[in-house]
Amino acid sequence: NYSKITHFKIMVDTTPPKLTIFKISNDTIVKKAILRVLFEAEDDLSGFQSHYIKLDDDIFLPIMSPAYLSFLDAGKHTLTVRTFDNANNFIDSSRKITVKRASFFKTLGDNLKRIFK
């Protein structure tokens, strides 16, 4: 006795997901200010899985969108979002950010404006 032969079509997903949105609230911020990062992805074949983020050469950490980040180190930085699909394909996308030291007088002026509104 033989079983009926059945054929299946198998598709292998080797295409990375598409990062459809990657926006930052500002590419220049003051030290300790909050930066809003928004990102979305899609993958038509296997589906979207997860996002990870890293600053400069640090390790990637899991993150959800929108993200709110604060920077302690002044200088030029690279923010990278890595997006995975369900087949473990990924794509990296980066944005440059400049973090400036806060001027004492500008910070004082901004605080006084808020107080005396």
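Remember, predicted model here, so these are calculated numbers, not experimental data.

(A) Geometry of the packing of aromatic side chains. In total, this model carries 2 aromatic pairs according to the counting rule given. Between Tyr52 and Phe84, the ring centres sit 5.7 Å apart and the planes meet at 80°, which makes this aromatic pair edge-to-face. With Tyr52 in strand S4 (residues 48–55) and Phe84 in strand S7 (residues 75–85), this pair connects stretches of sequence that are 32 residues apart. By relative accessible area, Tyr52 is classed as partly exposed at 27%. Taking the centre distance of 5.3 Å and the plane angle of 45° together, the rings of Phe84 and Phe90 count as tilted. Take Phe84: its relative accessible area is 17%, and that puts it in the buried class. Pairwise contacts between aromatic rings join Tyr52, Phe84 and Phe90 into one cluster.

(B) Highlighting the environment of Asp44. Here Asp44 shows up in the loop between strand S3 (34–42) and S4. With 27 residues separating them along the chain, Asp44 and Pro17 place their C-alpha atoms 7.9 Å apart.

(C) Focus on the sheet that holds strand S5 (residues 61–63). Read across the open sheet, the 5 strands follow the order S2-S8-S7-S4-S5; overall the sheet is mixed. Here the strands that pair on one side only, and so sit at the sheet edges, are strand S2 (28–30) and S5. Direction aside, the axes of adjacent strands within the sheet are offset by 35° on average. Both S4 and S7 contribute to a ladder of 7 bridges, which runs antiparallel. What sits directly across from Tyr52, in S7, is Arg82.

Procedures and definitions
Residues numbered from 1 in each chain as written. Predicted model: local features only at pLDDT ≥ 70, side-chain atom pairs only at ≥ 80, totals over all residues. Heavy atoms only, no water. Phe/Tyr/Trp six-rings, centres within 6.5 Å; stacked < 30°, edge-to-face > 60°. Helix = DSSP H or I, 4+ residues; strand = E, 2+ residues; numbered from the N terminus. Buried < 20%, exposed > 50% of the residue type's maximum accessible area, 1.4 Å probe, protein only. Pairing = 2+ DSSP bridges. Axes fitted to C-alpha atoms, helices over the stretch in contact; angles between N-to-C directions.

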